[in-house]
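What follows is the residue order along each chain.
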Amino acid sequence: MKQIFKSLSLYGIAYLVLLMYVLGLLFAYPKVELHLWLNSWHTDLLDTFFKYYSMMAEWPFYVLGLLPLLWRKKGITLFYAVCELCGGVVVQILKHLFSAPRPIMVFENYPDLVLPLVEGVNLHHSNSFPSGHTSTFFMFFTCCAIILAYYHRQRARQTGRRSWIALGLATLLLLALAALGGYSRIYLSQHFLSDVCVGSIIGFVTPFLVFGIFGDRLLKLNNERGVTT
């Protein structure tokens, strides 16, 4: 188990660097000013891309989480399901505990400021903190990174060869896709950066906790014999 987490060192370090940068922005700029700055690159192409990319967290990820069942890897699907359930409970508790207003509501207090909007996006008004979509993005891609590291180690034991560069690049790509999903929520003015930041923390930490506690039992369900973590 420790070896798998060690294989994800680059993924973890990259996330921490990103998190430190985001926290720096949150401390350096007022919420409204920061939101406008992060929304200063709107184009028709990006409007369309982020509108549909953000939807990946609504149901496509759940369909993708079922695909391992086709190869009788029910442990992987169960791993993802447990992570989403645990993370979802935390997100919903915090949402209803804070009941924070969404950007569209906050900007009503600033009539002189124009909030960039994307046509066709139905804006929500309440329960902004934290971002559930961001949590789902980071949850899914962090689960993918952990599973990738697990099978990378398994293959290395079988062949004696390890491609750390390929693993590192693959996990960095997964992190970039998760971060892109988080930014989509800001771009669409569904959330502030603070909402996305905490959503990402929940989505990043939960899979590691679940795998650390239940990983061995979950992966045994994949009918893999003679493999230890």
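About the cut-offs
- Residues numbered from 1 in each chain as written.
- Predicted model: local features only at pLDDT ≥ 70, side-chain atom pairs only at ≥ 80, totals over all residues.
- Heavy atoms only, no water.
- Helix = DSSP H or I, 4+ residues; strand = E, 2+ residues; numbered from the N terminus.
- Contact = heavy atoms within 4.5 Å.
- Buried < 20%, exposed > 50% of the residue type's maximum accessible area, 1.4 Å probe, protein only.

Caption draft 1: Up close: the environment of L193. Mapping L193 onto the fold places it in helix 10 (residues 193–220). Remark: the alpha-carbon pair of L193 and L23, spanning 170 residues in sequence, is separated by 9.3 Å. Once you skip the residues sitting within four places of it in the chain, L193 turns out to touch V22, L25, L26, L34, L38 and I186.

Caption draft 2: Summary view of the environment of S131. Its place among the elements puts S131 in the loop between helix 7 (103–106) and helix 8 (132–159). What makes S131 buried here is its relative accessible area of 0%. As a C-alpha pair, S131 and D195 span 64 residues in sequence and 5.0 Å in three-dimensional space. The residues contacting S131, other than those within four sequence positions of it, are R185, H191, D195, V196 and G199.

Caption draft 3: Representation of unusual backbone geometry in the model. In this chain, F129 is followed by P130 through a cis amide linkage whose omega measures -5°. Within the secondary structure, P130 is located in the loop between helix 7 and helix 8. For R72, which is not glycine, the phi dihedral falls at a positive 60°. Inspection of the secondary structure puts R72 in the loop between helix 5 (60–66) and helix 6 (74–98). The class for R72 is exposed, based on a relative accessible area of 68%. Residues other than glycine seldom take positive phi values, yet N127 does so here, at roughly 55°. Within the secondary structure, N127 sits in the loop between helix 7 and helix 8.

What is shown is where atoms sit, not what they do.
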